[in-house]
Amino acid sequence: MFFSGDPTSRKRVALGGRSSKERDTQKLMEQTRMERDRRLWQRKQNASAIKIQKCFRGRKAAKAERAKVREQFLSRYGSYCQNAERCCFCPDSDYFRQLFFFFNARNAGDFTILVETCRGILNLVRDNDNIVSLFAGVDYSAVLALVDHRVKNLAYICILSLYQNRSHFRQQLLVPDADSVMQATVLLEAVAALIDPKLPWACKAVSYLCQKNVFALFREIVLAERENAKTSSSTGNLSGVEHITGILISHSGQNSCSCPNVDPKFCFSSQMLTVPFLWKNFPSLKGVFSTQGLSQHYIHQMSLCLQNHTNLLPSDISAEYPGYACLLGNILEAAGVTLSQPACPFEMAVDLAAVSTFLLEALPPIKSSSQKAKEDAAMIEEDADSADDIQIVLDKDLERQIITGIDSRFLLQLPCVLLQINVLFGGISAVGDDRSVVAIGAACALLHVTFNTLPLERVMTVLAYRTELVRVLWEFMKNCHDNKRWSSLPEHLSLLPGDSPGWLLPLAVFCPVYKHMLMIVDNEEFYEQERPLSLRDIRSLIVILRQALWQLLWLNPTAPNASAKTTSRENTSKQNPNESIKHRVSIVASELLSQLQDWNNRREFTPPSDFHADGVDDFFISQAVVDGTKANEIMKLAPFLIPFTSRVKIFNSQLVAVKQRHGPHGVFARNRFTIRRDRILEDAYNQMSALSEEDLRGLIRVTFVNELGVEEAGIDGGGIFKDFMENITRAAFDVQYGLFKETVDHLLYPNPGSGLIHEQHLQFFHFLGCLLAKAMFEGVLVDIPFATFFLSKLKQKFNYLNDLPSLDPELYRHLIFLKMYYVQHYQGDIAGLELYFVIVNNEYGEQTEEELLPGGRNLRVTNENVITFIHLVSNHRLNFQIRQQSSHFLRGFQQLIQKDWIDMFNEHELQLLISGSLESLDVDDLRIHTNYAGGYHKEHYVIDMFWDVIKGFSLENQKKFLKFVTGCSRGPLLGFKYLEPLFCIQRAAGNASDEALDRLPTSATCMNLLKLPPYRSKEQMEAKLLYAINAEAGFDLS
């Protein structure tokens, strides 16, 4: 090609893609690889075919050889071993060698040969022949290995034959030992004879059988019998299997046994104890297992496996019979026998507690019948989302076995063994003592899981009244607190991380048990006898609970979703036990502290400030009114941690916020009442009942009409309404009207027989609830002393025995007699008192009898149910009889006052919110927060006289004076600083003429104003004031 003149070399680009030469190379390499893989696969196929053919030929040859040996055996000994003699079982005979070689359990002829062989051995043994000499001849030691091999293989193929033919021999497995004709019975008896503990080869034979997993075979045999029992009327006890199992477990549990360890997955505990209701089939085995040595061995074996988090249990039989539940039921049923034996080892009790705790933790909660009814009703309202939750439902009989296992005897015996008798009556040893820490950890872990899993009624009653658990746990906690060192509980016992606070588990158990005890402790026990804890100890307990709560709720809070479904909470508990128990302790500690505060309100034994947390400050108070904050959650769960005055401020701020949101839109036109003073209740009921909830929140203006039918003077700026509220509440809650009754302490509660007096009594209670709520909503204090047990209804709480003295002192004394008889003389026969679960009501001379339980007329009160009887009687009088009246009152009350607001206060504080303090009116506080007008000032001589006169008044006259000037006889709850507007004294009668000084003082209650003439003497001022406040002339005086 000629030179073009361009010196640069141009790059040549091929537009035809990859060259054909390259493509051919790649294709060749791919084909080579595929050919190599094909040849490799062909070689593997050939090798596998050779192995299969070799195996087939070998099996075919072995089968032919077995058939050949079988023919020789049959020709020599006969189809039924009729030609077999004693010498056939000697070491020199090839009888067993041939039998073991060709034997096939599924071959009917082979099985017959085995049965007849065993029958021959049994016959020879029964003829007083020595079984050792039968197998070993003269010198056992010379042929030891051969004899041992024959014996253990013979025993094993007997059991294996029963297992493989279990469907054919169910009926034979059901017969008792006496019938020795049947084939299955012959085999079982032969095995029992071969592994007799007295024989020299017993240890090796038992070890061999255990290593061959005979317990798994026995498990299937027992389950086959169980299935047969469902469809057959035959009854039996599997006595042969039971006898062999007893020999096996007795040998394995011996300390002197040198047998190698068996895989725990195939041991007796894993295979046999997971059979449902094992002891029902094996009653004698239960006694063998319950001996201390055996039960201690197997329970310790289980506890070691649980520590290693090993799953040893076989597959569940069905969803209703999970293996862990069956294992727990059988262990608990046998534990009652084990723990009742003298000198039960401490170590065994610890292992038993650990195993029971682990299994109970895996168990779904078992609800009582009442809980199930409530949950069934709630499930109707569940979303479709709940269909995705799979809940495990145990068989009813299995549930009953577990509940019965943790009965009063178990709850008495296990803590007694764990904590030791000397601990119960001599106090806990030093905090650092490992033994006491282990004991507390094991007992508390078990009881905590029990509380979360089983129905609490019987559990709590036994622990509270028949054990020293409360005192023992308190001694432990007090020692730890005094020494400022909480010992960490063992992780494998407590199921909690090792860094968890040492006080968590003890508090999780102590709080609910002590709370349950306080429900039925009487005043004399608590205050005078100081049982079960002294008042000094209770003061220390309050400090511990307060500090624990503050740490859990404020310093290190946990916030499980309260709205989560039950299933989700249970899963959370399993996945994060530490957070779950913290949440649980925060609840039970709060409930116990609240209960102790109630006892302190009845009779003060510690300053109220002891219940207040140290960290409550202005920032905390500002956060407490904001929904969703930690402070707000504490306010809901443990309001007693916050001083009462701070909670009242929060309550008032909530009321103000509601008033501001709704506002007085057009109120005057809609909510003006005309009330006749002599018909105040009827007029108020008719006009107020017609108001909507929205109108109730608005202002109400009142015009009074006197007895002459004339409207009273005065314009309602708020003062007349306050006067109206005082008068209407005094009339409505008067016992003469029949809606309320008085206790012996002159405290008000709903009349259970109100329906006999007023046909529309429930509507009246709804109205009275609205009326009281309106008074609180407007900040009007009314002088209505309610009974504590009725105030509990405003908080939707239940009342208990200690509230009964105010209502019915005589009934209370009788119930206390029953309780003391139960606690101090449990062996006495309460049934001899001829009490039944019925109660007699007497309203206005009409007696009716009510059953406390279904069928109560025929249910006698005994030692076992006397505590339940006491609870039911108290509940009937304090809760059930006034349930309708209280329910309607509460509905009306909650139209204006939300439940969350009331829950901030206990019953004593709620009474203060309603009526103010019962103490004397604080005149000095009123004087400090008083304004003056019209020429008066705080140092004026008339003002000095005035305050001297007021101080000299009786309490009744002081309250009348306060009502005269403010419209309400009670001052503001937090002091006169919060009176709006502040009290003011204005000079009346501009000149001091005799005519002017003869005038009476007047007031403007809407402005909290007193118009006071400048009287010249104290005597004159006192006379004029007393006349004015006692005239009861309404507003005509003005």
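Residues numbered from 1 in each chain as written. Predicted model: local features only at pLDDT ≥ 70, side-chain atom pairs only at ≥ 80, totals over all residues. Heavy atoms only, no water.

## Details of the UniProt feature "active site" (unreviewed entry) in the protein
The feature "active site" (unreviewed entry), as given by UniProt, occupies C1006 in the numbering adopted here. As for its placement among the helices and strands, C1006 is situated in the loop between strand 9 (1002–1004) and strand 10 (1009–1012). On the accessibility criterion, C1006 (31% relative accessible area) is partly exposed. (UniProt positions renumbered as here; feature names shortened; annotations may be inferred. Helix = DSSP H or I, 4+ residues; strand = E, 2+ residues; numbered from the N terminus. Buried < 20%, exposed > 50% of the residue type's maximum accessible area, 1.4 Å probe, protein only.)

## Considerations on the packing of aromatic side chains
Taken as a whole and judged by the stated rule, the model has 49 aromatic pairs. With 5.0 Å between their ring centres and 80 degrees between their planes, F526 and Y527 make a pair best called edge-to-face. The exposure classification of F526 matches that of Y527, with both residues buried. Arranged with centres 4.5 Å apart and planes meeting at 25 degrees, the rings of Y685 and F764 form a pair that is stacked. Here Y685 is found in helix 34 (residues 680–688), whereas its partner F764 is found in helix 37 (residues 761–777), with 79 residues between them in sequence. For Y685, a relative accessible area of 15% translates into the label buried. Within the aromatic cluster, the residues linked to one another by ring pairs are F73, Y77, F89, Y95, F96, F100, F102, F135, Y140 and W201. Between R603 and the ring centre of Y527, over which it is positioned, the NZ or CZ distance is 4.3 Å. (Phe/Tyr/Trp six-rings, centres within 6.5 Å; stacked < 30°, edge-to-face > 60°. Lys NZ or Arg CZ within 6 Å of the ring centre and 35° of its normal.)

## A word on the pairing of strand 5 (residues 838–843)
Covered by surrounding structure in strand 5 are I839, N841 and E843 only, the residues V838, V840 and N842 on the alternate face being uncovered. As paired elements, strand 5 and strand 6 (residues 846–851) share six bridges and run antiparallel to each other. Note that in strand 6 the partner of V840 across the bridge is E849. (Pairing = 2+ DSSP bridges.)

## Some points on the pattern of salt bridges
If you walk through the whole model with that rule in mind, you get 41 salt bridges. Note that E909 is salt-bridged to R647, the shortest N-O span being 2.7 Å. Of the two residues, E909 sits in helix 44 (residues 907–915) while R647 sits in helix 32 (residues 644–662), which places them 262 residues apart along the sequence. Take E909: its relative accessible area is 7%, and that puts it in the buried class. In this structure, R857 and E849 form a salt bridge, with 3.0 Å as the shortest nitrogen-oxygen distance. Looking at E849, the relative accessible area reads 41%, which means it is partly exposed. One connected set of salt bridges, linked through shared partners, spans R677, D723, E726, R730 and K963. (Salt bridge = Lys/Arg side-chain N within 4 Å of Asp/Glu carboxyl O.)

## A few points about helix 19 (residues 408–419)
In a regular helix each residue adds 1.5 Å, so 12 residues correspond to 16 Å; helix 19 covers 17 Å between its end C-alpha atoms and thus fits that length. Of the positions making up helix 19, those classed as buried are F410, L411, Q413, L414, P415, V417, L418 and L419. (Expected span 1.5 Å × (residues − 1).)

## Description of the side chain of S356
Relative to the helices and strands, S356 resides in helix 16 (residues 346–362). Under the relative-accessibility criterion, S356 is labelled buried at 1%. Within the structure, the side chain of S356 is placed 2.8 Å from the backbone oxygen of L352, a separation counted as a polar contact. (Polar contact = N/O pair within 3.5 Å; in protein donor to acceptor, adjacent residues only side chain to side chain.)

## Here's the deal with the sheet that holds strand 8 (residues 983–987)
Pairing within the open sheet is mixed, and its four strands lie in the order 7-8-10-9. A single partner strand is all that each edge strand has here, and the edge strands are strand 7 (930–933) and strand 9. Going from strand to strand, the sheet's axes swing by 25 degrees on average, the running direction of each strand aside. In terms of strand pairing, strand 9 meets strand 10 through three bridges, oriented antiparallel. When the bridges of strand 10 are listed, S1003 appears paired with L1010. Helix 46 (residues 941–952) contacts strand 7, strand 8 and strand 10 of the sheet and is inclined by roughly 130 degrees relative to strand 8. (Axes fitted to C-alpha atoms, helices over the stretch in contact; angles between N-to-C directions. Contact = heavy atoms within 4.5 Å.)

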